[in-house]
Amino acid sequence: MNKETNMFSNINSFKKKFPKAKDKERLEALEIYFESHGVIRAYKTDISWPKLVYPTIFVISKKTNELKAKRNLFEKNLSSWKKKFSQAENYDKNNQIKKLKEPLYWKHQAKMIIDPDYRKDSEQVKLPINLVSDAKWKPMVKMFVNDLEYRKQLAETVRESIVYKKDKKVAKYADELKDFRMKTSNKQVEELEKKIVKIEILEKSLKEMHKWARE
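Computed from a predicted model, the values in this text were never measured in an experiment.

When you go through the protein chain residue by residue, the secondary structure sums to 9 helices and 3 strands. Sequence-ordered secondary structure for the protein chain, helices as α and strands as β, is β-α-α-β-β-α-α-α-α-α-α-α. Rg of the C-alpha trace for the protein chain: 32 Å, well past the compact-globule value of 17 Å for 215 residues, more than 25% over. Viewed in the frame of its principal axes, the protein chain has a C-alpha envelope of about 100 × 35 × 20 Å. A separation of at least 24 residues holds for 69% of the contacts in the protein chain among residues at least 6 apart in sequence. Entry remark: accessible area of the protein chain is about 14300 Å², with carbon and sulfur atoms responsible for 54%. Seen as two clouds, the 51 positive and the 32 negative side-chain charges of the protein chain have centres 4 Å apart.

Going residue by residue along strand β1 (residues 5-8), you find N6 and F8 tucked away on one face and T5 and M7 left uncovered on the opposite face. Where β1 lies against strand β2 (residues 40-43), 4 bridges are found, and the strand directions are antiparallel. When the sheet's bridge partners are listed, F8 is paired in β2 with I40.

Here S205 lies in helix α9 (residues 172-213). Here S205 is in contact with A29, I32 and Y33, once residues within four sequence places are set aside.

What follows concerns the pattern of salt bridges. With the rule as written, the count across this model stands at 12 salt bridges. The partner of R71 in a salt bridge is E75, with the nearest N and O atoms 3.5 Å apart. Of this pair, R71 and E75 both sit in helix α3 (residues 57-89), 4 residues apart, which is roughly one turn of that helix. Between E102 and K138 there is a salt bridge, with its nearest N and O atoms 3.0 Å apart. Within this pair, whereas E102 is found in the loop between α4 (91-98) and α5 (103-114), its partner K138 is found in helix α7 (residues 138-146), the two being separated by 36 residues in sequence.

Here the focus is the pairing of β2. Relative to strand β3 (residues 51-54), β2 is paired through 3 bridges, and the arrangement is antiparallel. Directly across from A42, in β3, lies its bridge partner L52.

This part takes up the sheet that holds β1. Ordered by their spatial adjacency, 3 strands build an open sheet running β1-β2-β3, and the pairing between neighbours is antiparallel. In the strand order of this sheet, the two ends are held by β1 and β3, each with one partner. The average undirected angle you get between the axes of adjacent strands in this sheet is 35°. Packing of α9 onto the sheet brings it into contact with β2 and β3, and relative to β3 it is tilted by some 110°.

Further remarks concern helix α2 (residues 24-35). Within an α-helix, residues lying three or four positions from one another point in the same direction, as the helix has 3.6 residues per turn. The first and last C-alpha atoms of α2 sit 16 Å apart over 12 residues, in line with the 16 Å expected at 1.5 Å per residue. Taken together, the buried positions of α2 are R26, L27, A29, L30, Y33 and F34. What you see down the axis of α2 is that its buried residues fit within an arc of 160°, all on one side. Exposed positions of α2 whose direction lies more than 90 degrees from the buried face are K24, E25 and E35. Measuring from the side-chain oxygen of the N-cap residue of α2 to the backbone nitrogen of E25 gives 3.1 Å; that N-cap residue is D23.

Reading the values: the criteria
Residues numbered from 1 in each chain as written. Predicted model: local features only at pLDDT ≥ 70, side-chain atom pairs only at ≥ 80, totals over all residues. Heavy atoms only, no water. Helix = DSSP H or I, 4+ residues; strand = E, 2+ residues; numbered from the N terminus. Rg over C-alpha atoms; globule rule 2.2 N^0.38 Å. Contact = heavy atoms within 4.5 Å. Areas by Shrake-Rupley, 256 points an atom, 1.4 Å probe, with all protein chains shown as cover. Lys, Arg positive; Asp, Glu negative; His and termini not counted. Charge placed at Lys NZ, Arg CZ, Asp CG, Glu CD. Buried < 20%, exposed > 50% of the residue type's maximum accessible area, 1.4 Å probe, protein only. Pairing = 2+ DSSP bridges. Salt bridge = Lys/Arg side-chain N within 4 Å of Asp/Glu carboxyl O. Axes fitted to C-alpha atoms, helices over the stretch in contact; angles between N-to-C directions. Expected span 1.5 Å × (residues − 1). Arc of directions from axis to C-beta. Polar contact = N/O pair within 3.5 Å; in protein donor to acceptor, adjacent residues only side chain to side chain.

Structure below.
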């Protein structure tokens, strides 16, 4: 029996050297292993499959544990980014509910009914009253509702400033930020999901390699 050991780094050279190795599942596992920049050393035996010299069981187990740790980290990050996407996606819905608990919201609604001048200014600046429970926007809403001078200055700014020429909305940044957060988090989710699938495929490959190394 010839025990000449050969090194391989691609599936074609392996198939050429060992044409009788026909196990489809193992060939697929080996091809995936090669695609991950893995190399093997093997020699011909009197059975169809050669004897695997490298990677050893120890090396395969080490690679498997490293992949598992990486997958766990990716899954943790994936969960975090999914949560961020959900928060951004439900931002408006949550604020619609939270605003009902804010006395400032109801004060605004009352002034909208009894004060035509207030209603005119509010509509002109498109006051983001739905964001009254958001710590970033509440101070501005509070000033608008309670401070006549501030309200008039803001209304004039929206009416005259070139910044608001195309969009007379003081809280347009909130919409832009929401869209940005959704796009960013969704991109991260998609990338992490692809990485996890890739790791799972390689883990399956290493499982078959481990089985081969034990033979």
